[in-house]
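Here is what each chain is made of, one letter per residue.
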Amino acid sequence: MSRLQHLLELMCSVLIFAQLISGNNDDMEVLIELKGFLQVHNQINRGAYDGWLESEASPCNWQGVGCDTNGRVSSLDLSSSSISGPFFSNFSSLKSLIHLDLSDNSITGALPVDLNRCLGLKHLNLSYNLIGGVLNISSLTNLRTLDVSRNRFEGEISRNFLATCDELTILNVSSNNLRGNIIGLLDNCFQLEYVDLSLNRFTGQVTQGIASLIQFNAAENGLTGSIPLDMFPVGCKLQFLDLSGNHLFGNLPNSVSTCSSLRYLSLSENGFDGQIPPGIGVIPGLEKLILGSNNFAREMPFSLMNCSALKYLDISDNGFGGEVQGFFGKLESLTHLILHSNNYTDGIVSSGILRLPKLIMLDLSLNRFFGKLPTEVASMKSIKYLVLAENNFSGQIPLVYGQIAHLQVLDLSYNNLSGGIPADIGNCTSLLWLNLAANKLSAQIPPEIAGVGRDPSPTFARNQKDAAQLEIGTRKCLSVMRWIPLGYPGFNYVESEMSWKDCRSLEDRILKGYGIVTPPSVQPCIILGYVMFSGNLLSGQIPPIISAMGNFNLLLLDDNLLSGVLPSEISQMSLVALNVSRNIISGDIPSEIGQMVLLETLDLSFNNFSNELPSSLSQLYKLSKFNVSYNPLLSGNVPSTGQLSTFDEQSFLGNPLLSLHFTDHGPLLEPNNDELSREGTEKDPAKEETMVLIISFIVFFFATIAIREHDSFMYVYYTMKCRCASTKIYAEL
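The rules we used
- Residues numbered from 1 in each chain as written.
- Predicted model: local features only at pLDDT ≥ 70, side-chain atom pairs only at ≥ 80, totals over all residues.
- Heavy atoms only, no water.
- Helix = DSSP H or I, 4+ residues; strand = E, 2+ residues; numbered from the N terminus.
- Buried < 20%, exposed > 50% of the residue type's maximum accessible area, 1.4 Å probe, protein only.
- Contact = heavy atoms within 4.5 Å.
- Areas by Shrake-Rupley, 256 points an atom, 1.4 Å probe, with all protein chains shown as cover.
- Pairing = 2+ DSSP bridges.
- Arc of directions from axis to C-beta.
- Core = buried A, V, L, I, M, F, W, Y, C linked by side-chain atoms within 4.5 Å.
- Salt bridge = Lys/Arg side-chain N within 4 Å of Asp/Glu carboxyl O.

Visitor: Explanation requested: the overall build of the chain in the structure shown.
Guide: Within the chain, the secondary structure is distributed over 8 helices and 48 strands. For the chain, with 733 residues in total, the buried portion stands at 54%. In the chain, once contacts between residues fewer than 6 apart in sequence are set aside, the share between residues at least 24 apart is 54%. Here the chain displays about 31200 Å² of accessible surface, and carbon together with sulfur accounts for 52% of that area.

Visitor: What's the story with the sheet that holds strand E29 (residues 392-395) in this structure? I'm lost.
Guide: Strands belonging to one sheet form pairs held by backbone hydrogen bonds; the direction of such a pair is parallel or antiparallel. Read across the sheet, 4 strands follow the order E27-E29-E31-E33 without closing on themselves; strand pairing throughout is parallel. The open sheet has two edge strands with one neighbour each: strand E27 (370-372) and strand E33 (440-441). Summarising the sheet, E29 and strand E31 (residues 416-419) pair through 2 bridges and their orientation is parallel. Bridge pairing links Gly-395 to Leu-417 in E31.

Visitor: Looking at this structure, how should I read helix H2 (residues 457-464)?
Guide: Structural remark: α-helix, 3.6 residues per turn; residues separated by three or four positions point the same way. Among all positions of H2, only Thr-459, Phe-460 and Asn-463 are buried. Take H2 and look down its axis: the buried residues cluster within an arc of 100°, on one side only.

Visitor: What exactly am I supposed to notice about the nonpolar core here?
Guide: In globular proteins that are soluble, nonpolar side chains generally tend to be buried together. If you look at the biggest cluster of nonpolar residues, it comprises 184 residues, and the most contacted ones within it are Leu-76, Phe-216 and Phe-328. Broken down by element, this core gets its largest block of residues, 5 residues, from helix H1 (residues 2-41).

Visitor: Help me out: how do you make sense of the pairing of strand E19 (residues 271-274) in this one?
Guide: Side chains on a regular strand alternate between the two faces of the sheet. Summarising the sheet, strand E17 (residues 247-250) and E19 pair through 2 bridges and their orientation is parallel. When the bridges of E19 are listed, Gly-250 appears paired with Phe-272. Bridge count for E19 against strand E21 (residues 295-296) is 2 bridges, and the pairing is parallel. Bridging from a neighbouring strand, Gly-274 pairs with Phe-296 of E21.

Visitor: Help me understand unusual backbone geometry in this model?
Guide: For residues that are not glycine, phi is negative in most cases, and the peptide bond is trans in most cases. Unlike most non-glycine residues, Ser-80 shows phi in positive territory, near 50°. Looking at the element boundaries, Ser-80 is found in the loop between strand E2 (73-77) and strand E3 (84-85). Its identity is not glycine, yet Tyr-128 carries a phi of approximately 55°, on the positive side. Inspection of the secondary structure puts Tyr-128 in the loop between strand E6 (123-125) and strand E7 (130-133). Note on Tyr-128: relative accessible area 42%, which makes it partly exposed.

Visitor: Help me understand the sheet that holds E17 in this model?
Guide: Across the sheet, which stays open at both edges, the 10 strands sit in the order E3-E5-E7-E9-E11-E13-E15-E17-E19-E21 with parallel pairing between neighbours. In this open sheet, the two edge strands, each paired with only one partner strand, are E3 and E21.

Visitor: I'm lost on the pattern of salt bridges in this one. Help?
Guide: Side chains that differ in charge, positive against negative, can pair when their charged atoms come close. For the coordinates displayed, the defined rule picks out 6 salt bridges. One salt bridge connects Arg-46 with Asp-50, and the closest N-O pair in it is separated by 3.3 Å. Residue classification places Arg-46 among the partly exposed residues on the basis of a relative accessible area of 30%. Between Arg-179 and Glu-156 there is a salt bridge, with its nearest N and O atoms 3.8 Å apart. One end of the pair, Arg-179, is in strand E11 (residues 177-181); the other, Glu-156, is in strand E9 (residues 152-156), and 23 residues separate them in sequence. Since its relative accessible area comes to 49%, Glu-156 is described here as partly exposed.

Put into structure tokens, the structure is as follows:
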């Protein structure tokens, strides 16, 4: 009997072992099928799956593959694997699969029916892809985490989508095109702790039951109505609440104080009014309070002074006027104070905000401040981000601004500042984002400016130690768009596509020194910083030493009175954009510019450049914007091959000596002048040269007067207008 029992046990063991081997082989066959599928749809860039060796006995050691104790594939991580094309439709054959991560790829199309057969899945991450269609995974009742954010799912989420979600703890469907009323949507999900519905088209009132969550994010939807008192009952567990960018209105109930664990509260871009509830002041751990773009009353509850952990306060765009409230200067824990888009006229110094010891970011832009810039800014030991743009400040930029050791962003644009650019600014070795555009700054660009941003590494290192993201606050990308040059490489997509999440990520990368990655092209590059002096009265030659600014990728000097030649040394900069248009720069276009292989934008229009276009410019294969219009002394032929041949006539207007002919593919050479003269269709070249010289003299004469009379904006305006008119007159001769 014992022998028979022993034999039966042995047979069972053999059968189980055989099943395990069979199951393991089945899994391996599925993964080999998956590898082939991905290779077919991804001919060039491939992830780690491309290195899976079919000769191995088991797939359990393959990168991205995890197995359970029985040797069955239980986990598959193909995140960030450069996958494009449709969704693989046989994951259900991996019978033990409980974790599937396909995030951060470019998977397209709709979800296959097969995914609903993966009944054992507990963790599914499809975020950051291009998957569209209806989100239907109602059969996956064992899911604990679901992340389908940053895709193209659309339509209304049906009630059976989460009908059986007893196990679900994390739900993220943000950044899609989902719609529908959210009331009752989460009623059957008793284990939920983290919910992100942001950046969709959900409607209705805020659903009850959010107080049982740890995190609830419904930002940038179409939610309406007011917040009832019972929304925050006793025992509220919320640590993160974001209802920004909706259509909520009325008073914020004081019952929010029951959420004693709250760390992050954002209600910006709604219609809340009345007093800021004093109950917020009894939330001991509150770190970030974002109330911008509402209609809150000007009086601040003094109970907020009890929030000793409060670091980030955004109360911008609430229509406050008069002096900056002295209350803000008493919040000594603040690191970020955002007061832009109000109607303040005074009180920057008297409020005490410049004495806040930990302040990193101060944004006072889009107000009505006037008078001189406050010199007290120089005493702010921690300030890194200073934005005073779009006010009515006048006078000179204080020399002491060059003493702000850790300054990274300085935006003084769109004011009435005059005088020269202080040479002391060159002492700001961490300053990589310098915007002085649209003022009345005059004189020459000081050579010392080359010292700006020469050694930002120590500041970057300190910022990188801060694990918390350096957020930018309200109104989507407004606070970013004010100090970045829209329409230039790296920023082209900001205005139309960037959400508040993108903005946070963008600014965090900037201040931590990771830069901005330009859209994928032949040679992607990282943009670290820019100099923007556009729209001033700067004169003289661009200093050749500017080439030492190796950490800058955009140099924007357009719409000034700069003269002399364009220094060839500028080619030593790693620029993706160079704009010196609307100046009076003369001489040859330096052939060395053809060595600037990263250039995507080159604008030399409305100057007095002369002689032939350098043939080296045709080597700039990344160039997507090019303009040499209205340089009437440019001559020769536009190359019929290379990068310059890809631009249409809009890039060459107002250059009568420049020979070109356009087709659908760009400019082609015209017949030479001798042939056209014999046909009686070309004017006398000698007469043209005489006219060119006369008009150039007129342009130079008026520009010289404008430089001498730079304090008069109207004089400069008419002078520049005259220059353009003379060019137009000559073009019509």
